[in-house]
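Spelled out from the first residue to the last, the chains are:
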Amino acid sequence: MNLKAHQPDSLPAPGPSALAQSEALVAEIRARLDEAGGWLPFDRYMERALYAPGLGYYSGGARKFGLRGDDGSDFVTAPELSPLFAATLARPVAEALQASGTRDVMEFGAGTGKLAAGLLNALDALSASGVEFDSYSIVDLSGELRERQRETIAAAAPALLAKVRWLDALPERFEGVVIGNEVLDAMPVRLFAHTGGIWHERGVVWRDGAFAFDDRPVQAASDLALLAEIDTTGAAGEDYVTETHEAASAFTRTICTMLARGAILLIDYGFPRHEYYHGQRAQGTLMCHYRHRAHGDPFLYPGLQDITAHVEFTGIAEAGVETGADLLGFTSQARFLLNAGITEALGEIDPADTARFLPAANAVQKLLSEAEMGELFKVIAFSRGLDDTLQAFSSGDRSHTL
Ligand SMILES: C[S@@+](CC[C@H](N)C(=O)[O-])C[C@H]1O[C@@H](n2cnc3c(N)ncnc32)[C@H](O)[C@@H]1O
């Protein structure tokens with residue numbers, strides 16, 4: 001198998017052990033392809049590429065999160081960008097704990113542990129104003145990240161490490177505040193292509209020594225019903241390609257069912273359905289990240305690169321509300337962070353201390369700017385047993401756009 005054949009010239013090549021891991025994953029996925037008769041829906045491929053135990057991108061040893069390509073990382077997330085993200089998020093988390101009379105936090109997909117460490121410290125600092133919390137549970141499909149998370153928290157919040165626990169399975173019910181930053185976008189999606197006037201499901205085959213896309217006409221009535229709502233006119237003679245998000249909806253249903261009292265805050269990039277399935281978004285949102293370069297080939301170095309799709313937030317809202325949870329709010333990351341006081345948090349840093357202030361101000365600009373993360377990223381929140389919304393949704397709530 002010649003993985004190099006896939007390598008766009010501009011991308012740095014992986015080392016030999018990473019390549020060996022990728023080849024092992026390719027063999028594993030090929031075995032599944034054979035079992036399935038030679039064709040796998042894309043979500044099955046994506047699930048293996050990201051989460052196959054020991055081999056997938058999130059479950060193997062890749063560096064993943066970081067600021068630069070030369071440290072071996074592939075992308076940067078808000079908690080990695082600045083500690084002010086966690087410090088600001090701590091305010092709505094604290095408000096929801098107090099409003100619901102609960103004392104436990106649960107984080108999904110905790111990455112390097114930076115958000116956890118920042119939230120632990122910020123919540124602890126708020127104890128002076130009566131915020132109390134007992135535990136911080138972390139749930140991640142990637143067991144490999146646990147050690148890294150423990151080290152981050154032990155270094156940045158040593159006195160609070162005793163409150164942290166790692167869960168292997170979800171509790172049946174949870175009272176408290178659930179958070180997840182960039183978790184929904186890491187869930188497998190199905191791909192569909194509108195070609196020759198009909199909808200096809202875009203799956204994966206093995207062809208000429210490599211994985212390749214292969215389209216099959218859609219038969220299932222439930223798939224056709226959703227696809228019928230999509231305006232494909234923007235493709236103008238080309239294929240219209242898009243995604244559906246069964247795994248993210250199922251996840252939302254599960255955590256909203258689990259929530260007996262409290263709130264859930266999910267932060268991610270994406271759009272409401274009418275924008276997501278817009279005629280002009282004709283190439284879908286599937287995206288791969290390798291060493292801080294974004295590209296569109298999910299078959300490049302399986303297991304060594306991130307594969308992601310934007311979140312379709314109307315589907316997420318529907319999945320949550322179906323369980324009887326309340327939709328607490330939906331807004332842009334910029335509006336959410338501004339309402340939650342990020343500028344005040346920045347104001348606490350002395351501008352004369354340029355070594356601290358300038359990077360912090362740059363990061364805040366990135367988190368808020370419309371051209372960067374401020375508008376593309378959204379926050380959706382659900383609640384159970386909360387009477388009022390949170391300060392962070394007090395202005396600019398866009399729930400009506402879902
Ligand atoms: C893009 S990373 C984001 C990491 C971190 N939250 C951050 O912002 O830096 C996505 C994370 O979500 C985790 N994840 C995906 N699906 C999950 C699920 N169903 N339950 C728990 N974690 C999940 C992945 O293992 C991965 O660690």
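Here, every reference points to the structure presented above.
Residues numbered from 1 in each chain as written. Predicted model: local features only at pLDDT ≥ 70, side-chain atom pairs only at ≥ 80, totals over all residues. Heavy atoms only, no water.

1. Let's talk about the packing of helix α1 (residues 16–35) against helix α2 (residues 42–51)
Point 1. Contact geometry of α1 with α2 gives a least axis separation of 10 Å together with a crossing angle of 150 degrees. With respect to each other, α1 and α2 are oriented roughly antiparallel. Where α1 crosses over α2, the handedness of that crossing is right-handed. Together, Leu25, Glu28, Ile29 and Arg32 of α1 and Tyr45, Arg48 and Ala49 of α2 make up the contact between the two elements.
Point 2. Within the contact of α1 with α2, the residues separate by chemical class into 4 nonpolar, no polar and 3 charged. (Axes fitted to C-alpha atoms, helices over the stretch in contact; angles between N-to-C directions. Helix = DSSP H or I, 4+ residues; strand = E, 2+ residues; numbered from the N terminus. Parallel < 35°, antiparallel > 145°, perpendicular 65-115°, else oblique. Left-handed = near helix turned anticlockwise from the far one by under 90°. Contact = heavy atoms within 4.5 Å. Nonpolar A, V, L, I, M, F, W, Y, C, P; charged D, E, K, R; others polar.)

2. Digging into the pairing of strand β9 (residues 240–244)
Point 1. A large share of β9 lies buried, amounting to 5 of its 5 residues.
Point 2. A two-sided burial pattern is seen for β9, the buried positions comprising Tyr240, Thr242 and Thr244 on one face and Val241 and Glu243 on the other.
Point 3. In this structure, strand β6 (residues 190–195) lies alongside β9, joined through 5 bridges in antiparallel fashion. In the strand pairing of β9, phenylalanine 192 is matched with threonine 242. (Buried < 20%, exposed > 50% of the residue type's maximum accessible area, 1.4 Å probe, protein only. Pairing = 2+ DSSP bridges.)

3. As for the nonpolar core
Point 1. Residues Leu89, Val93, Tyr136, Ile153, Ile179 and Leu265 are the most contacted members of the largest nonpolar core, which totals 58 residues.
Point 2. The leading source of residues in this core is helix α4 (residues 83–100), at 9 residues.
Point 3. Those residues in contact with isoleucine 153, other than ones at most four positions away along the chain, are Gly113, Ala116, Ala117, Leu120, Ile138, Pro158, Leu161, Val164 and Trp166.
Point 4. By size, the runner-up hydrophobic cluster in this structure holds 37 residues, among which are Phe42, Tyr51, Leu191 and Trp199. (Core = buried A, V, L, I, M, F, W, Y, C linked by side-chain atoms within 4.5 Å.)

4. Regarding the packing of aromatic side chains
Point 1. Evaluation of the coordinates by the stated rule reveals 17 aromatic pairs.
Point 2. Between tryptophan 199 and tyrosine 240 the ring centres are 6.2 Å apart and the planes differ by 90 degrees, which places this aromatic pair in the edge-to-face class. Highlighted residues: tryptophan 199 in strand β7 (residues 198–207) and tyrosine 240 in strand β9, separated in sequence by 41 residues.
Point 3. On the basis of relative accessible area, tyrosine 240 is assigned to the buried category, the value being 0%.
Point 4. On the basis of an interplanar angle of 45 degrees and a centroid distance of 6.1 Å, the ring pair of phenylalanine 211 and phenylalanine 299 is categorised as tilted. Of the two residues, phenylalanine 211 sits in strand β8 (residues 210–217) while phenylalanine 299 sits in the loop between β12 (293–295) and β13 (306–308), which places them 88 residues apart along the sequence. Per residue, the accessibility class of phenylalanine 211 equals that of phenylalanine 299, and both read buried.
Point 5. Taken together, the ring pairs in this structure connect Phe42, Tyr45, Trp206, Phe211, Phe213 and Phe299 into an aromatic cluster.
Point 6. Here the guanidinium or amino end of lysine 163 rests over the ring plane of phenylalanine 133, the centre of that ring lying 4.7 Å away.
Point 7. The ring of phenylalanine 213 has arginine 202 lying over it, and the distance from NZ or CZ to the ring centre is 5.4 Å. (Phe/Tyr/Trp six-rings, centres within 6.5 Å; stacked < 30°, edge-to-face > 60°. Lys NZ or Arg CZ within 6 Å of the ring centre and 35° of its normal.)

5. A word on the site of the ligand
Point 1. By nearness alone, 20 residues border the ligand, and Tyr51, Thr77, Gly109, Asp140 and Asn181 come closest of all.
Point 2. Contacts to the ligand include threonine 77, whose side-chain N or O atom sits 2.6 Å from an oxygen atom.
Point 3. Within the side chain of aspartate 140, an N or O atom sits 2.7 Å from an oxygen atom of the ligand.
Point 4. Look at the ligand: alone it shows 600 Å² of surface, and the protein chains cover 95% of it.
Point 5. Looking at the shell around the ligand residue by residue, the class counts come to 13 nonpolar, 5 polar and 2 charged. (Near = heavy atom within 4 Å. Polar contact = N/O pair within 3.5 Å; in protein donor to acceptor, adjacent residues only side chain to side chain. Areas by Shrake-Rupley, 256 points an atom, 1.4 Å probe, with all protein chains shown as cover.)

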